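# Inside the fold
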Amino acid sequence: MAKRKRKTRTHVAPTEEEMNKIPKSFVMRSGIVGSSVTALVRDVRRVLEPNTASHLRERRSNRLKDFVMVAGQLGVTHFLIFSRTEKNVNLRIARVPRGPTLTFRVIDYALAKDCLALQKHPKTSDTEYHKSPLLVLNNFQQSGKEFKVMTVMLQNMFPSVDVQTMQLSEARRVLLFNYNEDTGTIDMRHYSIGVKTTGVSKSIKRVINTNLPNLGDYEDISDYVLKEAIISESDIEDGPESTVTLSQDYPGRNNRRNEQRAVRLHELGPRMTLELTKVENGMCGGEVLYHRYITKSQKEIAASERKRQKTLEEKATRREQQEQNVEKKKAEKESAKKKHTDEKEGSDKEEESDDNEEEEEDDMQLNEEDSQEEEESEDEE
């Protein structure tokens, strides 16, 4: 019998225009944060892969404006900045280049290695990080402009998903933000997505998903299947809420289209518990749209706005004065350069005229010597 050719699904590479629309990010530290927060920064970079700078290096001499200038050239759209004070660890999420900026207090956190250490059989692979995670925002339908800004900001940090055209094999990770109404905090969790066979016991799953087990200790195959010692609570049939029918082939053994599978989430880490403290209109500054602990009256808001506008005007005046000074120094430099060139040309002309005069004197001396020789020859005759 002739073997049927298996159809292979071809993936079309995204165009340059589509690549430019994909959000990109910088995850960085500000100031001295310690080894633990530095490890957290690396874990958050891992979460945002592949559309982040995984090996970004910060220096103490770097300023925020340096990263903003580089971000425009690389198409970076968001900054995640971790900092540490005597009391708290803070996280700022800013939209480049004009804001807004969200400031969170990191109440507590757990690194990825700690989350994996709690699991008996941790599952992780580099292939899961080739695509961005699916974003899930739970319980964010709250009143208040801060929730609207926060929802839009988090959504715009990740590529949009078209359910009609996306490949099921690209759904490998989930990033969950859950708002807790009782505490007013946000829980961040990071999972990998896996599927398992449903409706069979663990012993049968071993046969389906792996090679045949060693049956030398059993008199009959039924002893292996029905042995109560290997049956646990996880062998109970999965409920309909966790069972799906695969619309496409999915990575893994026997995960073919139209097969029923149970969805399993395996935590990858890190974990963070966040509290939104401030929303600013600009890039790490500007008008304060929301503050958790400070409430101002309209009069105070107006006075603060006038002060901010005055500061901006003074800053613009200083910048204009600096530009004028730079232009003045540049003009002086050009004038000195031109003067030096003119003096050099004048000295060259003087040297040339001196040379011409010396040549004329030499010619006159030669003419006198010639005339003397002629007179002497005439006298001899």
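Residues numbered from 1 in each chain as written. Predicted model: local features only at pLDDT ≥ 70, side-chain atom pairs only at ≥ 80, totals over all residues. Heavy atoms only, no water.

### Side note on the overall build of the chain
Helix and strand counts for the chain stand at 8 helices and 11 strands. Taking the intrachain contacts of the chain between residues at least 6 apart in sequence as the baseline, contacts between residues at least 24 apart amount to 65%. Summed over its atoms, the accessible surface of the chain is roughly 27,300 Å², and 48% of this surface lies on carbon and sulfur atoms. (Helix = DSSP H or I, 4+ residues; strand = E, 2+ residues; numbered from the N terminus. Contact = heavy atoms within 4.5 Å. Areas by Shrake-Rupley, 256 points an atom, 1.4 Å probe, with all protein chains shown as cover.)

### Section: empty space enclosed by the protein
A full pass over the atoms with the stated rule returns 3 cavities of 30 Å³ or more. Looking at the largest cavity, its volume works out to about 110 Å³. Contributing to the lining of the largest cavity are 15 residues, with Val 44, Leu 80, Met 157, Phe 177 and Met 188 lying nearest its centre. When grouped by side-chain class, the residues that make up the lining of the largest cavity number 15 nonpolar, no polar and no charged. Space inside the second largest cavity adds up to approximately 60 Å³. Lining the second largest cavity we find Pro 23, Ser 25, Leu 48, Asn 51, Ser 132, Met 157, Phe 158 and Pro 159. (1 Å grid on protein atoms, 1.4 Å probe; cavity = no way out; pocket = protein on both sides within 12 Å on 5 of 7 lines; lining within 4 Å. Points joined across faces, edges and corners; volume = space filled by probe spheres on them. Nonpolar A, V, L, I, M, F, W, Y, C, P; charged D, E, K, R; others polar.)

### Concerning the pattern of salt bridges
Applying the stated criterion across every chain, the model contains 9 salt bridges. Across the pair Arg 46 and Glu 49 runs a salt bridge, and its minimum N-O distance is 3.1 Å. A residue is classified by how much of its surface remains accessible, and Arg 46, at 29% relative accessible area, is partly exposed. Here Glu 49 falls in the buried class, since its relative accessible area comes to 14%. One salt bridge in this structure joins Glu 275 and Arg 105, with 3.1 Å as the shortest N-O distance. With Glu 275 in strand 10 (residues 271–280) and Arg 105 in strand 4 (residues 101–110), this pair connects stretches of sequence that are 170 residues apart. The network of salt bridges with common partners includes Arg 29, Arg 45 and Glu 58. (Salt bridge = Lys/Arg side-chain N within 4 Å of Asp/Glu carboxyl O. Buried < 20%, exposed > 50% of the residue type's maximum accessible area, 1.4 Å probe, protein only.)

### Describing the packing of aromatic side chains
Inspection of the entire model under this criterion finds 3 aromatic pairs. Here the aromatic rings of Phe 26 and Phe 67 are separated by 6.4 Å at their centres, their planes lie at 75 degrees, and the arrangement is edge-to-face. Separated by 41 residues along the polypeptide, Phe 26 in strand 1 (residues 25–30) and Phe 67 in helix 3 (residues 64–74) bring together distant segments of the chain. Residue Phe 26 shares its accessibility class with Phe 67, and that shared class is buried. On the basis of an interplanar angle of 10 degrees and a centroid distance of 5.7 Å, the ring pair of Phe 26 and Phe 79 is categorised as stacked. Here the residue Phe 26 occupies a position in strand 1, and Phe 79 occupies one in strand 2 (residues 78–84), the gap between them amounting to 53 residues. When sorted by exposure, Phe 26 lands in the same class as Phe 79, which is buried. By way of ring pairs, the aromatic residues Phe 26, Phe 67 and Phe 79 are connected into one cluster. The residue whose ring lies beneath Arg 46 is Tyr 129, and the NZ or CZ to ring-centre distance is 3.8 Å. (Phe/Tyr/Trp six-rings, centres within 6.5 Å; stacked < 30°, edge-to-face > 60°. Lys NZ or Arg CZ within 6 Å of the ring centre and 35° of its normal.)

### Quick notes on the nonpolar core
Ranked by size, the top nonpolar core spans 36 residues in total, and within it Phe 82, Leu 91, Phe 104, Met 150 and Met 272 carry the most contacts. Only helix 2 (35–47), strand 2, strand 3 (89–95), strand 4, helix 5 (145–156), strand 6 (173–180), strand 7 (185–197) and strand 10 provide two or more residues apiece to this core. Excluding residues that lie within four positions of it along the chain, Met 150 makes contacts with Leu 102, Phe 104, Phe 140, Ile 186 and Leu 276. Listed in part, the 11 residues of the second largest apolar core include Met 28, Phe 67, Ala 71 and Ile 81. (Core = buried A, V, L, I, M, F, W, Y, C linked by side-chain atoms within 4.5 Å.)

### A closer look at a positive patch on the surface
A surface patch of positive charge is lined by Arg 63, Lys 65, Lys 315, Arg 318 and Arg 319. With respect to the helices and strands, Lys 65 occurs in helix 3. (Patch = residues over 30% accessible without salt bridge, like charges linked within 9 Å, V, L, I, M, F, W, Y side chains within 5 Å. Lys, Arg positive; Asp, Glu negative; His and termini not counted. Charge placed at Lys NZ, Arg CZ, Asp CG, Glu CD.)

### Thoughts on the confidence of the model for the chain
Across the chain, the average pLDDT comes to 80, with 71% of residues at or above 70. Throughout residues 1–11 the model reports pLDDT below 50, and contacts reaching past four residues in sequence, or to other chains, amount to 3 contacts. Under a pLDDT of 50 for its full length, residues 228–237 has, in the predicted model, 12 contacts with residues more than four places off or in other chains. (pLDDT = per-residue confidence, 0-100.)

### A look at the environment of Asp 66
Tracing the backbone through its elements, the reader meets Asp 66 in helix 3. When its relative accessible area of 29% is taken as the criterion, Asp 66 is described as partly exposed.

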